[in-house]
Amino acid sequence: MRYLYGLALFLTIVLWSSCRNDFDTVPNTGNLIFSQDTIYLDTVFTNIGSSTRTLKVYNSSNEDINIPTIQLSQGESSSYRLNVDGIPGKTFENINILANDSVFIFVETTIDINNFPNPDNSFLYTDKIIFDSGSNSQEVDLVTLVQDAIFLFPEQYSDGTIETLNLGTEEEPVLIEGFYLEDDQLIFTNEKPYVIYGYAAVAPNKILTVDAGARIHFHRDSGILVANTGSMKVNGTPSSNPELMENQVIFEGDRLEPGFSYVPGQWGTIWLTPGSTNHEFNYTTIKNSIVGILMEGNDGDRTLTLKNVEIFNTSSTGLLARNGNVYGENVIINNSGQTSLSCSLGGRYNFIQSTFVNYWTNNFRLFPSVVIDNVLQVSETEFVTEDLIEANFINCIIYGNEARELIFVEDESAAFNFNFVNSLIRFDDPSGNYSDDPNYDFSNENLYLHIVRNQDPSFFNTNLNDFNIESEVSGADGIADPDEAALVPFDANGISRIVPFPDAGAYQSIVFPDEG
């Protein structure tokens with residue numbers, strides 16, 4: 001009984017103290033300490049909410065204090081929103097902070113740029129959080145760059161449903177949120193960024209043209225889809241400033257905060273459906289998607305041409321081509337959750353002076369950098385095969401952070417033709433698991449001619465997708481066929497390959513700067 005009485009008394013004291021909010025305080029004296037004096041909410045698109053930023057407010061004194069007011073300087077008209085210790089609002093009164101303790105303030109914003117002048121399609125929106133008043137007043141600045149954009153999205157009907165595209169048949173529909181681009185929407189310019197919700201589809205016999213310097217952003221579960229007989233032309237050109245990439249065309253997600261710069265899987269894919277054809281991508285960067293480009297089918301002619309194209313940070317596959325007819329030069333693909341290049345279900349593939357690597361570290365991956373097959377499983381018991389007419393890799397690098405970065409899946413009922421010339425390949429098989437498979441006979445010059453294996457390419461920085469190689473150190477240095485290199489006379493940096501001993505991969509070797 002004495003034990004139960006003691007326990008009840010203890011619980012009463014704990015509950016009373018945890019609920020008590022009337023502790024004695026002294027007035028704030030204007031000596032608050034802030035975790036930062038300016039909060040930058042990064043760049044946001046108009047009418048798209050920002051990420052939430054956190055401000056910590058410290059009371060470093062030995063007394064409990066009361067802050068009479070915490071408010072935004074623009075009051076209720078401010079486009080910023082606050083949450084002070086769990087309470088949302090824009091003006092707060094009598095906020096108490098215990099001695100040597102702190103409170104959290106969370107800040108976010110959604111801004112309509114149409115409410116402000118924007119001669120350059122952008123506007124710097126600012127406000128302040130004001131603590132107390134008079135001689136005790138302290139301030140923390142709030143800064144956000146708002147970017148105007150062209151928004152493309154499916155129609156929302158009066159019954160609340162959203163416009164869809166049918167990827168199946170009338171009898172067995174497969175619906176995704178999306179819409180067909182109108183004729184006056186089929187040229188993406190560089191005047192303003194584009195923000196796409198759902199899948200923006202190119203109708204049959206239509207061409208989507210993307211001008212040099214255009215920026216296309218996608219919301220979650222969004223992308224571009226090109227229908228049967230449709231086409232896509234991406235006309236990026238070389239940039240004078242490698243950091244600004246002012247003439248490069250960039251496809252990425254719609255979260256502009258630096259924390260999202262290298263996050264895979266933020267949007268869907270660029271889907272080039274069966275029957276679509278004559279796609280061209282020049283000086284293009286595709287990043288942070290689920291699949292970079294999904295190319296399906298071919299009509300006998302070339303379906304996809306890639307020149308100076310980078311695909312990074314895909315949660316699944318960089319380039320997934322199913323029975324495609326693809327040509328690529330100066331192509332760089334890295335950091336894919338599954339595989340960087342999948343030449344699937346046969347087709348025709350020709351790559352020259354390209355770098356296919358995978359240094360994925362987010363989690364375990366099951367597949368190598370490059371997968372080549374002529375078969376596709378479509379159900380538990382059904383497989384489809386198509387001829388692999390050719391898969392030629394000339395002066396290329398195939399590498400990554402796994403022991404084997406190249407794999408073949410062959411169904412002998414269909415053709416399976418491939419060839420690697422003057423290329424650097426990572427394929428280490430110390431246990432001899434592949435020694436009886438003729439596809440991995442690296443001494444067979446009909447399949448592998450002048451190949452270098454398992455020599456470090458000495459990339460500049462794989463974490464930052466910088467695949468420049470080091471002069472006189474890289475395993476790709478000087479191994480390219482000069483005659484083939486002359487067909488692509490400039491590397492991805494614009495450096496000439498017309499030299500006696502050109503290098504494999506998308507970049508000519510350079511002397512790396514000293515780390516000091």
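Along every chain, residues carry numbers that run from 1 in the direction the sequence is written. For this predicted model, a pLDDT threshold of at least 70 governs which residues receive local features, and a threshold of 80 or more governs which side-chain atom pairs are given and counted, while totals over whole chains, interfaces and linings are taken from all residues. The basis for every side-chain value is the complete set of non-hydrogen atoms in the structure, without hydrogens or water.

### Notes on the overall build of the protein
Secondary structure elements follow DSSP: runs of H or I no shorter than four residues count as helices, runs of E no shorter than two count as strands, and numbering proceeds from the N terminus. When you go through the protein residue by residue, the secondary structure sums to two helices and 41 strands. Taking the principal axes of the C-alpha coordinates as reference, the protein spans close to 85 × 60 × 55 Å. Burial statistics for the protein: of 516 residues in total, 48% are counted as buried. If you take every contact in the protein between residues at least 6 apart in sequence, the share linking residues at least 24 apart comes to 65%. Counted as positive: Lys and Arg. Counted as negative: Asp and Glu. His and the chain ends are not counted at all. Throughout, a charge is located at the NZ atom of Lys, the CZ atom of Arg, the CG atom of Asp or the CD atom of Glu. Each charge class in the protein was averaged separately, 23 positive and 71 negative side chains, and the resulting centres sit 5 Å apart. Accessibility here uses a 1.4 Å probe with only protein chains present; expressed as a share of the type maximum, an area under 20% marks a residue as buried, one over 50% as exposed, and anything in between as partly exposed. Whether two residues touch is decided by their heavy atoms; if any such pair falls within 4.5 Å, the residues are in contact.

### Comments concerning the pairing of strand β5 (residues 65-72)
As a general feature of sheets, a regular strand has side chains that alternate between the two faces. At least two bridges found by DSSP between two strands are what make those strands a pair. As defined by bridge partners, strand β1 (residues 26-27) adjoins β5 across two bridges and the pair is classed as parallel. Within the sheet, the bridge partner assigned to Pro-27 lies in β5 and is Asn-66. Of the strand pairs in this sheet, β5 and strand β8 (residues 91-97) are connected by six bridges, and their pairing is antiparallel. Residue Ile-65 lies in a different strand from β8, and its bridge partner there is Ile-97. As paired elements, β5 and strand β10 (residues 122-131) share three bridges and run antiparallel to each other. Note on β10: the bridge partner recorded for Ile-70 is Phe-131.

### Quick notes on the packing of aromatic side chains
Aromatic contacts are taken between Phe, Tyr and Trp rings whose centres are within 6.5 Å, Trp giving its six-membered ring; a plane angle under 30 degrees counts as stacked, one over 60 as edge-to-face, and the others as tilted. Per the counting criterion, the structure on display carries 27 aromatic pairs. Look at Phe-104 and Phe-106: their rings are 6.2 Å apart centre to centre, the planes differ by 10 degrees, and that puts the pair in the stacked class. Taken together, a centroid distance of 6.0 Å and an interplanar angle of 65 degrees make the contact between Phe-418 and Tyr-448 edge-to-face. Of this pair, Phe-418 sits in the loop between β35 (406-409) and β36 (419-421) while Tyr-448 sits in strand β38 (residues 448-449), placing them 30 residues apart in sequence. Per residue, the accessibility class of Phe-418 equals that of Tyr-448, and both read buried. An aromatic cluster of three or more residues is present, and its members are Phe-351, Phe-356, Phe-393, Phe-408, Phe-416, Phe-418, Phe-420, Phe-427, Tyr-434, Tyr-440, Phe-442 and Tyr-448. Note on criteria: charge over ring means Lys NZ or Arg CZ within 6 Å of the ring centre, with the direction from the centre no more than 35 degrees off the ring normal. Above the ring of Phe-442, the side-chain terminus of Arg-453 is found at 4.3 Å from the ring centroid.

### Considerations on the confidence of the model for the protein
Here the protein averages 92 in pLDDT, and 94% of its residues register 70 or above. One confidence number per residue, pLDDT, is output by the predictor and ranges from 0 to 100. Contacts of residues 1-5 to residues separated by more than four positions or lying in other chains number zero contacts, the stretch itself having pLDDT below 50. Overall, residues 9-21 carries pLDDT values under 50, and its contacts beyond four positions in sequence, including any with other chains, amount to one contact.

### A word on the side chain of Asn-28
Locating Asn-28 in the fold gives a position in the loop between β1 and β2 (33-34). Overall, Asn-28 belongs to the buried group, its relative accessible area being 4%. In protein, a polar contact means a hydrogen-donor-capable atom and an acceptor-capable atom, both N or O and within 3.5 Å, with residues adjacent in sequence counting only if both atoms are side-chain atoms; elsewhere, any N or O pair within 3.5 Å suffices. Separated by 3.0 Å, the side chains of Asn-28 and Asp-132 make a polar contact. Discounting residues that sit within four places of it in the chain, Asn-28 has contacts with Ile-65, Asn-66, Ile-67, Asp-132 and Asn-136.

### Regarding the sheet that holds β2
What the five strands build is an open sheet, ordered β2-β4-β9-β6-β7; its pairing is antiparallel. Each having just a single partner strand, β2 and β7 (87-89) make up the two edges of the open sheet. Looking at chain direction, β2 and strand β4 (residues 53-59) are connected through two bridges and run antiparallel. Paired with Ile-33 across the strands is Tyr-58, a residue of β4.

### Observations concerning unusual backbone geometry
The phi angle at His-450 is positive, at roughly 55 degrees, despite the residue not being glycine. Within the secondary structure, His-450 is located in the loop between β38 and β39 (452-453). Positive phi, normally seen in glycine, also occurs at Asn-465, with a value near 55 degrees.

### Describing the nonpolar core
Side chains of nonpolar character tend, in soluble globular proteins, to be buried together. The biggest cluster of nonpolar side chains holds 61 residues, and the ones touching the most others in it are Met-232, Phe-251, Phe-281, Ile-372 and Phe-393. If we skip the residues at most four places from it in the chain, Met-232 touches Leu-208, Val-210, Ile-224, Val-226, Phe-251, Ile-270, Leu-272, Asn-278, His-279, Glu-280 and Phe-281. Nonpolar cores are built from buried Ala, Val, Leu, Ile, Met, Phe, Trp, Tyr and Cys residues. Side-chain atoms within 4.5 Å join them into one set.

### What about the pairing of β4?
Direction of pairing for β4 relative to strand β9 (residues 101-109): antiparallel, over a ladder of seven bridges. Across the sheet, Leu-55 pairs through a bridge with Ile-105, a residue of β9.

### Considering the pattern of salt bridges
Salt bridges are counted wherever a side-chain nitrogen of Lys or Arg sits within 4 Å of a carboxyl oxygen of Asp or Glu. According to the stated counting rule, one finds twelve salt bridges in the structure shown. When the shortest N-O distance is used, the salt bridge between Lys-128 and Glu-139 registers 3.7 Å. With Lys-128 in strand β10 and Glu-139 in strand β11 (residues 138-147), the pair connects residues that are eleven residues apart, well separated along the chain. Exposure remark for Lys-128: the relative accessible area of 29% places this residue in the partly exposed category.

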